[in-house]
Amino acid sequence: RAGRVVERAGDADVRAGLANLTPREVQILQSFADGFATDEVGDRLGISPRTVRSHVESILTKLGVRSKLEAVLSGLRAGVIHLATGDEALFGQRS
């Protein structure tokens, strides 16, 4: 039981962190969910890989997680970002 209480507190922290992400940080998180690497995210958004890494550090800090994978999973669970499906996954299109 104690583990669940701690887990719930951590979930609340992650939700609060997700609410504090900037629109650019959400774009970057979504780009990772779409399967893009750091350099590709930079090219896609017109920013340097170093700037992408800076945003990633901010995302990880805000969410209290240790990896991009954990950040993406948190965003998916909360519905802040989504996985591409069908044509969207093949062609990078969103409706």
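Reading the values: the criteria
Residues numbered from 1 in each chain as written. Predicted model: local features only at pLDDT ≥ 70, side-chain atom pairs only at ≥ 80, totals over all residues. Heavy atoms only, no water. Buried < 20%, exposed > 50% of the residue type's maximum accessible area, 1.4 Å probe, protein only. Helix = DSSP H or I, 4+ residues; strand = E, 2+ residues; numbered from the N terminus. Polar contact = N/O pair within 3.5 Å; in protein donor to acceptor, adjacent residues only side chain to side chain. Contact = heavy atoms within 4.5 Å. Axes fitted to C-alpha atoms, helices over the stretch in contact; angles between N-to-C directions. Parallel < 35°, antiparallel > 145°, perpendicular 65-115°, else oblique. Nonpolar A, V, L, I, M, F, W, Y, C, P; charged D, E, K, R; others polar. Core = buried A, V, L, I, M, F, W, Y, C linked by side-chain atoms within 4.5 Å. pLDDT = per-residue confidence, 0-100.

Of the residues making up helix α2 (residues 23–33), those classed as buried are Glu25, Ile28, Leu29, Gln30, Ser31, Phe32 and Ala33. The first or second residue beyond α2 is Gly35, which carries a positive phi of 95°.

With respect to the helices and strands, Glu25 occurs in helix α2. At 2.9 Å, the side chain of Glu25 forms a polar contact with the backbone nitrogen of Thr22. One polar contact links Glu25 to Lys62, side chain to side chain, over a distance of 2.8 Å. Not counting residues within four places of it along the chain, the set of residues in contact with Glu25 comprises Asn20, His55, Ser58, Ile59 and Lys62.

Another aspect to go through is the packing of α2 against helix α4 (residues 49–63). α4 packs onto α2 with a crossing angle of 95° between their chain directions and a minimal axis gap of 10 Å. When the interaxial angle is binned, α2 and α4 end up roughly perpendicular. Taking contact as the criterion, the partners of Arg24, Glu25, Ile28, Leu29 and Phe32 in α2 are, on α4, Val52, His55, Val56, Ser58, Ile59 and Lys62. Taken together, the residues of the contact of α2 with α4 break down into six nonpolar, two polar and three charged.

Turning next to the environment of Thr38. Assignment of secondary structure puts Thr38 in helix α3 (residues 38–45). Residue Thr38 is classed as buried on the basis of its relative accessible area, which comes to 15%.

Moving on: the nonpolar core. With 19 residues, the main nonpolar core has Ile28, Leu29, Phe32, Val52, Ile59 and Ala71 as its most contacted residues. For this core, the secondary-structure elements that each account for two or more residues are α1 (2–19), α2, α3, α4 and α5 (68–78). Broken down by element, the residue count for this core peaks at five residues, all from α4. Ignoring anything within four residues of it in the chain, the contact list for Ala71 reads Leu29, Ile59, Leu60, Leu63 and Val65.

The next point concerns the confidence of the model for the chain. Confidence along the chain averages 86 in pLDDT terms, with 79% of residues attaining 70 or more. Contacts from residues 1–9, a stretch scored under 50 in pLDDT, to residues over four places away or in other chains number zero contacts.

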